Amino acid sequence: QVQLVESGGGWVQAGGSLRLSCAASGRAFSNYAMGWFRQAPGKEREFVATISRYGSSTYYTDSVKGRFTISRDNAKNTVYLQMNSLKPEDTAVYYCAARPFTTDQAPAGYEYWGQGTQVTVSS
């Protein structure tokens, strides 16, 4: 069992930055690839970014490439999402998720999910 708790969401003006954190507890954090997903009102949950177990590989959805950076600190059991140049269309609830061993962009492959943190970007 892995418990995930996100933090760092909030309100920001367009062009601003936020850093999300996701603290994990439970089984060995380094056994899991980690992902960030988001869900806007009335829309399906969508992939944002994923990082491999030791951070050697990262993948992003096209709309956030060059603006968002995913990273992890296995010593602190934490994964981060640095979000720069935020746009109103980035407004959503952001979730972190854990998947055994390999990265994937599909939500269905992730076994554990956090409760989500709201990010609101005003124009």
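Topic: the packing of aromatic side chains
In total, this model carries 6 aromatic pairs according to the counting rule given. Judged by centre distance (5.9 Å) and plane angle (70°), the ring pair of Phe37 and Phe47 falls under edge-to-face. On the criterion of sequence distance, the pair formed by Phe37 in strand E4 (residues 32-39) and Phe47 in strand E5 (residues 46-51) is long-range, its members being 10 residues apart. Using a relative accessible area of 9% as the deciding quantity, one classes Phe47 as buried. Ring centres of Phe37 and Tyr110 lie 5.0 Å apart, and the angle between their planes is 80°; on these two criteria the pair is classed as edge-to-face. Of this pair, Phe37 sits in strand E4 while Tyr110 sits in the loop between strand E9 (92-100) and strand E10 (112-113), and the two are 73 residues apart along the sequence. One aromatic cluster is present, formed by Phe37, Phe47, Tyr95, Tyr110 and Trp113 through successive ring pairs. The ring of Tyr95 has Arg45 sitting right over it, with the charged end atom 3.9 Å from the ring centre.

Some remarks on the pairing of strand E8 (residues 78-83)
Of all 6 residues in E8, 5 are buried; the element is thus mostly enclosed. Sheet analysis places strand E3 (residues 18-26) next to E8, joined by 6 bridges and oriented antiparallel. Of the residues in E8, the one forming a bridge with Cys22 is Val79. Across 6 bridges, the pairing between strand E7 (residues 68-73) and E8 is antiparallel. Its bridge partner lying in E8, Thr69 is registered against Gln82. Once E7 ends, the chain turns through 4 residues before running back antiparallel as E8, passing Asn77 with a positive phi of about 55°.

Calculation criteria
- Residues numbered from 1 in each chain as written.
- Predicted model: local features only at pLDDT ≥ 70, side-chain atom pairs only at ≥ 80, totals over all residues.
- Heavy atoms only, no water.
- Phe/Tyr/Trp six-rings, centres within 6.5 Å; stacked < 30°, edge-to-face > 60°.
- Helix = DSSP H or I, 4+ residues; strand = E, 2+ residues; numbered from the N terminus.
- Buried < 20%, exposed > 50% of the residue type's maximum accessible area, 1.4 Å probe, protein only.
- Lys NZ or Arg CZ within 6 Å of the ring centre and 35° of its normal.
- Pairing = 2+ DSSP bridges.

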